[in-house]
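Each chain, written out:
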Amino acid sequence: MKKLFCVFLLLVSLTVIASAQTGNVPAPKDVLGFTPGDDKKLASWNQVVTYFQKLDAASDRVKFEEIGKSTMGNPFVYATISTPANLKNLEKYKQINAKLADPRLIKSNEKFAQDLIKQGKTIVLITCGVHSDEVGSYLSSMLIADKLATATDAETLKILDQTIILLVPSLNPDGVDIIKNWYDKTLGTKFEGTEPPELYHKYVGHDDNRDWYAFTQVETQLTVDKIHNVWHPQIVHDIHQQGANGSRLFVPPYLPPVEPNVPKELIEGFTELGNFIANDLRGKGFSGITTASTYDAWTPARAYSHYHGGVRILSETASARLATPVNIKYEDLQSRLGYDVRKETANFSPVWKGGEWHLRDITNYMTTAAFSLLKHASDNREKWLSRFYAIGKEAVRPRKDGELFAYILPMPQSEEQSLKRTSLLRILNRSGVELGFVNPANIKITEFQKYLKSIISPLTPKKDWDRLAVVIPANQPYGNFVKAMLEKQEYPNLRDANGDPIQPYDVTAHTLPLLFGVEAIPIYQSFNINYATPKSSIEISKTNPKGEKFAIYRSHIPSMDEGWTRWIFEKTNFWQVQPKAGMIQNQEIVNGNLSSKYKSIIFPDQSPNQILNGFPKGAMPDEYTGGVGKEGVANLKKFVEAGGTLVFFNRASNFAIEQFDLPVKDVTRGLARKDFFIPGSILRTELDTTHPITKGMPEKSIAWFEYSPAFEITDTAKAKIIARYPTNPKDILLSGYALGAERIAGKAALVEFTIGKGKIILFGFRPQYRGQSLATFPLLFNAIGN
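(A) View of the overall build of the protein. Helices and strands together make up the secondary structure of the protein, namely 23 helices and 30 strands. When each of the 786 residues of the protein is scored for burial, the buried share is 61%. Pairs at least 24 apart in sequence give 81% of the contacts found in the protein among residues at least 6 apart. Accessible surface, the protein: about 30400 Å² in total, of which carbon and sulfur atoms supply 50%. Put simply, the protein has 92 plus and 83 minus side-chain charges, and the middle of one group is 3 Å from the middle of the other.

(B) The arrangement of the sheet that holds strand β10 (residues 311–318) in detail. Read across the open sheet, the nine strands follow the order β1-β2-β4-β3-β5-β10-β6-β8-β12; overall the sheet is mixed. Taken across any chain shown, the strands that pair with only one partner, and hence form the sheet edges, are β1 (62–69) and β12 (348–349). Pairing analysis gives eight bridges linking strand β5 (residues 235–242) to β10, with the strands arranged parallel. Residue His237 lies in a different strand from β10, and its bridge partner there is Ile313.

(C) Here's a closer look at the packing of helix α11 (residues 264–283) against helix α13 (residues 381–396). In contact at an axis separation of 10 Å, α11 and α13 are set at 155° when each is read in the N-to-C sense. Relative to α13, the element α11 is oriented roughly antiparallel. When you trace α11 past α13, the crossing you get is left-handed. Note on element contacts: α13 touches α11 through Lys383, Trp384, Arg387, Ala390 and Ile391, opposite Glu265, Leu266, Glu268, Gly269, Glu272 and Leu273. Residue classes in the contact of α11 with α13 are distributed as five nonpolar, one polar and five charged.

(D) Layout of the side chain of Gln659. Locating Gln659 in the fold gives a position in helix α22 (residues 652–659). Using a relative accessible area of 12% as the deciding quantity, one classes Gln659 as buried. Only 3.3 Å separates the side chain of Gln659 from the side chain of Lys630, close enough to count as a polar contact. Excluding residues that lie within four positions of it along the chain, Gln659 makes contacts with Leu612, Lys630, Val633 and Lys637.

(E) Up close: the packing of helix α8 (residues 154–162) against helix α12 (residues 359–379). Relative orientation of the contacting elements α8 and α12 amounts to 60°, with a least axis distance of 9 Å. Comparing their axes, α12 and α8 come out oblique. Of the two possible hands of crossing, α8 and α12 adopt the one that is left-handed. Across the interface between the two elements, Glu155, Lys158, Ile159 and Gln162 of α8 pack against Phe371, Leu374, Lys375, Ser378 and Asp379 of α12. Among the residues making up the contact of α8 with α12, the classes are represented as three nonpolar, two polar and four charged.

(F) Spatial organisation of the packing of aromatic side chains. Summed over the entire model, instances satisfying the criterion amount to 35 aromatic pairs. Ring pairing ties together the aromatic residues Phe250, Tyr254, Phe270, Tyr295 and Tyr505, which thus form one cluster. Geometry around Trp352 places Arg248 over its ring, the cationic atom sitting 3.8 Å from the centre. Here the basic side chain of Arg342 rests over the ring of Tyr330, its NZ or CZ set 5.3 Å away from the ring centre.

(G) Focus on the environment of Gly205. Relative to the helices and strands, Gly205 resides in the loop between α9 (173–186) and α10 (218–231). Each C-alpha atom, one on Gly205 and one on Val130, is 9.4 Å from the other, the two residues being 75 residues apart in sequence. Leaving out residues up to four positions away in the same chain, Gly205 has contacts with Leu199, Tyr200 and Met560.

(H) Representation of helix α14 (residues 415–430). Spanning 16 residues, α14 covers 23 Å between terminal C-alpha atoms, matching the ideal 22 Å at 1.5 Å per step. What α14 keeps buried is the set Glu416, Ser418, Leu419, Lys420, Arg421, Thr422, Ser423, Leu424, Leu425, Ile427 and Leu428. Packing partners of the buried residues in α14 comprise β14 (406–409), β15 (436–438), β16 (469–473), α16 (479–486), α17 (512–516) and α23 (777–785). Positive backbone phi, at 90°, marks Gly432, one or two positions downstream of α14.

(I) Seen up close, the pattern of salt bridges. Taken as a whole and judged by the stated rule, the model has 37 salt bridges. For the salt bridge of Arg312 with Asp238, the shortest nitrogen-to-oxygen distance reads 2.9 Å. You can see Arg312 sitting in strand β10 and its partner Asp238 sitting in strand β5, a full 74 residues away along the chain. Both residues of the pair, Arg312 and Asp238, belong to the buried class. Here Glu487 makes a salt bridge to Lys483, at a shortest N to O gap of 3.0 Å. Residue classification places Lys483 among the partly exposed residues on the basis of a relative accessible area of 28%. Linked through salt bridges whose partners overlap, the residues forming this network are Glu155, Lys158, Lys375 and Asp379.

(J) Unusual backbone geometry, seen in detail. The omega torsion across Pro252 and Pro253 is 15°, close enough to zero to call that bond cis. Tracing the backbone through its elements, the reader meets Pro253 in the loop between β6 (249–250) and β7 (255–258). With an omega of 5°, the peptide bond between Pro256 and Pro257 qualifies as cis. By secondary structure assignment, the location of Pro257 is in strand β7. Although it is not a glycine, Thr294 adopts a positive phi angle of roughly 65°. Tracing the chain through its elements places Thr294 in the loop between β8 (289–290) and β9 (296–297). Of note, the phi angle at Asn593 is positive, near 60°, even though the residue is not glycine.

(K) Quick peek at the pairing of strand β3 (residues 122–128). The element β3 is extensively covered by neighbouring structure, given that seven of its seven residues are classed as buried. The two faces of β3 match: Thr122, Val124, Ile126 and Cys128 on one face and Ile123, Leu125 and Thr127 on the other face are all buried. For β3 and strand β4 (residues 163–168), the ladder comprises six bridges, and the chain directions are parallel. Within β4, the residue paired with Thr127 across the bridge is Val168. Two strands pair when backbone bridges link them, and β3 and β5 are joined in this way by five bridges, in the parallel orientation. Paired with Val124 across the two strands is Ile235, which belongs to β5.

(L) Up close: the sheet that holds strand β17 (residues 521–523). Taking strand neighbours across the sheet as the criterion, the five strands line up as β17-β14-β16-β15-β18 in an open arrangement whose pairing is antiparallel. Because the sheet does not close on itself, it has two edges, and the strands there are β17 and β18 (531–532). As paired strands, β14 and β17 are joined by three bridges and run antiparallel to one another. Across the sheet, Ile408 pairs through a bridge with Ile521, a residue of β17. Against the sheet, α14 contacts β14, β15 and β16, and its axis sits at roughly 25° relative to β16.

Basis of the calculations
Residues numbered from 1 in each chain as written. Predicted model: local features only at pLDDT ≥ 70, side-chain atom pairs only at ≥ 80, totals over all residues. Heavy atoms only, no water. Helix = DSSP H or I, 4+ residues; strand = E, 2+ residues; numbered from the N terminus. Buried < 20%, exposed > 50% of the residue type's maximum accessible area, 1.4 Å probe, protein only. Contact = heavy atoms within 4.5 Å. Areas by Shrake-Rupley, 256 points an atom, 1.4 Å probe, with all protein chains shown as cover. Lys, Arg positive; Asp, Glu negative; His and termini not counted. Charge placed at Lys NZ, Arg CZ, Asp CG, Glu CD. Pairing = 2+ DSSP bridges. Axes fitted to C-alpha atoms, helices over the stretch in contact; angles between N-to-C directions. Parallel < 35°, antiparallel > 145°, perpendicular 65-115°, else oblique. Left-handed = near helix turned anticlockwise from the far one by under 90°. Nonpolar A, V, L, I, M, F, W, Y, C, P; charged D, E, K, R; others polar. Polar contact = N/O pair within 3.5 Å; in protein donor to acceptor, adjacent residues only side chain to side chain. Phe/Tyr/Trp six-rings, centres within 6.5 Å; stacked < 30°, edge-to-face > 60°. Lys NZ or Arg CZ within 6 Å of the ring centre and 35° of its normal. Expected span 1.5 Å × (residues − 1). Salt bridge = Lys/Arg side-chain N within 4 Å of Asp/Glu carboxyl O.

Below you can see the structure in the form of C-alpha cells.
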C-alpha cells in the first residue's frame, strides 16, 4: 500500500512539474493560423519547420534538428521527444540499443543484457508524409508533437518516461509544397482536390516508399544513415492514407506472404501491436477498422526495420480529396482483399455506415492510433527490448555446417563488373552489413574454386579491391538483410476463391545480384576468413557525360517510370556513353521539327491511352489536358523517317505497335490472369551479342517483367530481335513468380524496327527498373547511342 502511495505521489509531482513547464508552448494554430485537420487548410513546409523550431525553443521535452537537405534543397528534419531527463542522456540510450542490437558487443552476457533491458527505453520512430498527397500524415505530426509536449495526464507522462520518440514530420519535404501549391491554386475551382500534374517527389513519386533497400534517394539515405542506423528503433510507425471508399483504418497483422527472412519475433510483435491498436480504437468508438487485409509484408522495399530488429507498423487511413471533405454513400463502399466492407468479422469491425469524411476524421484516426501504439510501447518496454535482444542474439550465433555460412562475391572480370559489384557493396555497407575482402587463393571452398576455374580471362584490375573476393558472413546483426537481398525469391502461388492468383501488394522479386549482374555464391560450410585490407577505399569513379542529346517524354499524367528514367541520367553516372537528357512534352511533339533538336526520344513505361490522349477535357485545367494526339504521332513518324530513334519501355511499346503499325504483336494481350500472371519478377533473357545494342553484354541477361508485353514478329524482314526469352519455360523465371511462362517462351523481349532512316526500339520490360537493374542499363545507353 505504501509503495502504491509513493507511485501516486511521484505521478502527482511529475504532473505539477510538467504543468509548470508547458504553459508557454505554442499550439500548431499559433504558428499556422489554423489547426491541422481543418477543412481546406494545408501547411507549407516552411510553416511545419517553423512550428517545430518554436516547439523546440519552448519545450524541454522536444529536441528538433535538421540532418540534411532534401532532393530539392529543403530542410530534412526530425524531432526527438521524451522527458527532459531522457533527452539529457540520449547518448546513453543510443549505446544501450546498439549493444542489444549486436550482442557481440557484450559477449552475449545474459546478466549484462538484462541490466541493459531494465535501463533502456523503447525507441519508437514515427514517419509521416512519405506520400505527399496523403496530407493527413504530415499534419498529424504536429498534433502528435503538440500533445507530447503539453499533456500532463499520467498516460502521456508514462509514454514520455518509458519511450524515446523520433518523429519525422515528412519523409518527402519537397512534396509538401508541391501538393499545397497545387491545392491552393485549384481551391474553389472544379479541380479542387485533384492530384497535381507532376510527381510529388521530383524523381520517383509514390516509389519513394519503395526505396528502403536500394537507398537511391537522398531522403531514404538521410533517414537510414542518421536515424535508423543511429537509434535502431524497436518500433517504426509509418503513417499513410489509402483510398476513400474502403475501410477507415488498416493496421497489421499483414496478409500473407511475409518475406521469409523476417524474424518470427517481429511477426509476433507486429501482430500483437497491430491488434492492440485496432481493439483500442474500437473501444474508443472508431469504426471501419481492419487488420490482416489488403497489405502484405513481402518486399523489403517498404520495410527496412524488418531486417534491423524493429517492427514496421503500417497504418492506412481512408482519404478525402486532399484537404477537401467527401460524402461517401454506404452503397458506394468497396470491399478489399481480406474483408467485406458491409460485414462485421474478426478482422473488420465495426462496420462504417458511410457519410461525410473530413480531414479532421483522418487526423483523429491517425493521432489516436499513434498514441495507442505509444501506450503499448511504454507499457511493454521490457518486452520490446527483450524481443529486440533475442533477434540480435539469433542473428550473431555461430552457424553450423549445412546452414548458410556466408556469401562470396567473386573478383570482377571487367571494369563494368567492378562498378556493379561496388554498387552492390555500397548498398550492403549503408545497411550496416559487415563484409570483408579476401585473397581468393585463401578460400578453400569447392563451390568457389569451381567458379574460379570457369573464368576464362581474368581481369587485370586497376583497383586494389578488384583483385580480392568479398566475403559476407551470415552470422552478423543484419544477416537476414543479406540473405533477403542476395538469394532468389520464390513467391508462393496464392489463389483467390475464383482460382485467380492474388496480386502482391508490390512486386515479387528483389534479388540484387540478378538485378545488378553480379555473381553471389552461397556457402554452406564454415571456413576461416582471413580478411585483407585494400589499399584504396570503395568508391564509384565519376566520368563526364557525353553523347548526342536526347529527350525523355513527360506526360501531364505523372509517370514514376519517367521520373526514374530522369534520375538515371541526372543523378547517376555509370558509363561514359551516358549523354545529357532533355525533357519533351506533348506540345513540343505536336509542334514538330523534332529532328533539329534530338537524336533519340525515350517513352518510359506508361499506358498507350495516357500517351495518346492524356487527361480528358474537363478533368484538369485545359493546359494539362490531351496527349500527343494524332498530330504528334505524325510528327514522331517524320522524326524516325528522318533518322531519329524512338525508344519505348514496357507498356509504352504497345503505343508504338498501335500508332506506327509495326509488324509485331504482344502475345500477352487479352490473357486471363489465371492463365498468365507475372507481377514484378526477374526473368532470363538470351541476347544477340552481334547487335550494337548488346555491346559489352553477356549472352544471357535479365528482364524486369511487370505486367509487360512479349513480342511475336509478324514480318521478320522488318525487325531484328535483340533479346528473347528461353524456349524452355522452366528456364524463364529467375526470381519471383511467373504463371504461364510457357506463353512467352521463345518470344522476343527487345526488338528493333527500321523505319526510313531511323529506328524504333521496343523494350518489353523496364531496363532501368527503380534505378536497380544495372544489369540492363547498358542496353538502354546503347539504344539511345546506337
